[in-house]
Amino acid sequence: MISLGDVNEVLWFINKFSIPRDRVYLMSQCTTREECIAKDEGVTKPMAVKLGVNYTPRLHILMGGFK
């Protein structure tokens, strides 16, 4: 579920520092493969689409976990 607080935080940084949206990347905060998949699909990807910014996964965790 997308948090209004998270959306407002991203927008604050974009607006405060005049960051072009094509230069903004969202990445889930997670430490396990399962957590990353759940947050990516439920929060991070939809938020990136809603805000018109980029999404990037934590490939190192998806491939082998947090070490």
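Just above, that's the structure.
Residues numbered from 1 in each chain as written. Predicted model: local features only at pLDDT ≥ 70, side-chain atom pairs only at ≥ 80, totals over all residues. Heavy atoms only, no water.

### Remarks on the environment of Met27
Position of Met27 among the secondary structure elements: in the loop between strand S1 (25-26) and helix H2 (33-51). The spacing of Met27 and Asp40 is 13 residues in sequence and 7.8 Å in space, taken between C-alpha atoms. Once you skip the residues sitting within four places of it in the chain, Met27 turns out to touch Thr44, Thr56, Pro57 and Arg58. (Helix = DSSP H or I, 4+ residues; strand = E, 2+ residues; numbered from the N terminus. Contact = heavy atoms within 4.5 Å.)

### Describing the environment of Ser28
Mapped onto the elements, Ser28 comes out in the loop between S1 and H2. Relative accessible area serves as the criterion here: at 3%, Ser28 is assigned to the buried category. In contact with Ser28, other than residues within four places in its own chain, are Cys36, Lys39, Asp40, Thr44 and Arg58. Only 2.5 Å separates the side chain of Ser28 from the side chain of Asp40, close enough to count as a polar contact. Among the polar contacts listed, one links the side chain of Ser28 to the side chain of Thr44, at a separation of 2.4 Å. (Buried < 20%, exposed > 50% of the residue type's maximum accessible area, 1.4 Å probe, protein only. Polar contact = N/O pair within 3.5 Å; in protein donor to acceptor, adjacent residues only side chain to side chain.)

### A word on the side chain of Asp40
Secondary-structure assignment places Asp40 in helix H2. Summary of buried charges: Asp40 has no salt-bridge partner, and the nearest side chain of opposite charge, Lys45, is 6.0 Å away. Engagement of the side chain of Asp40 in a polar contact is seen with the side chain of Tyr55, the distance being 2.7 Å. When sequence neighbours within four positions are dropped, the list of residues in contact with Asp40 reads Ser28, Lys45, Pro46, Tyr55, Pro57 and Leu62. (Lys, Arg positive; Asp, Glu negative; His and termini not counted. Salt bridge = Lys/Arg side-chain N within 4 Å of Asp/Glu carboxyl O.)

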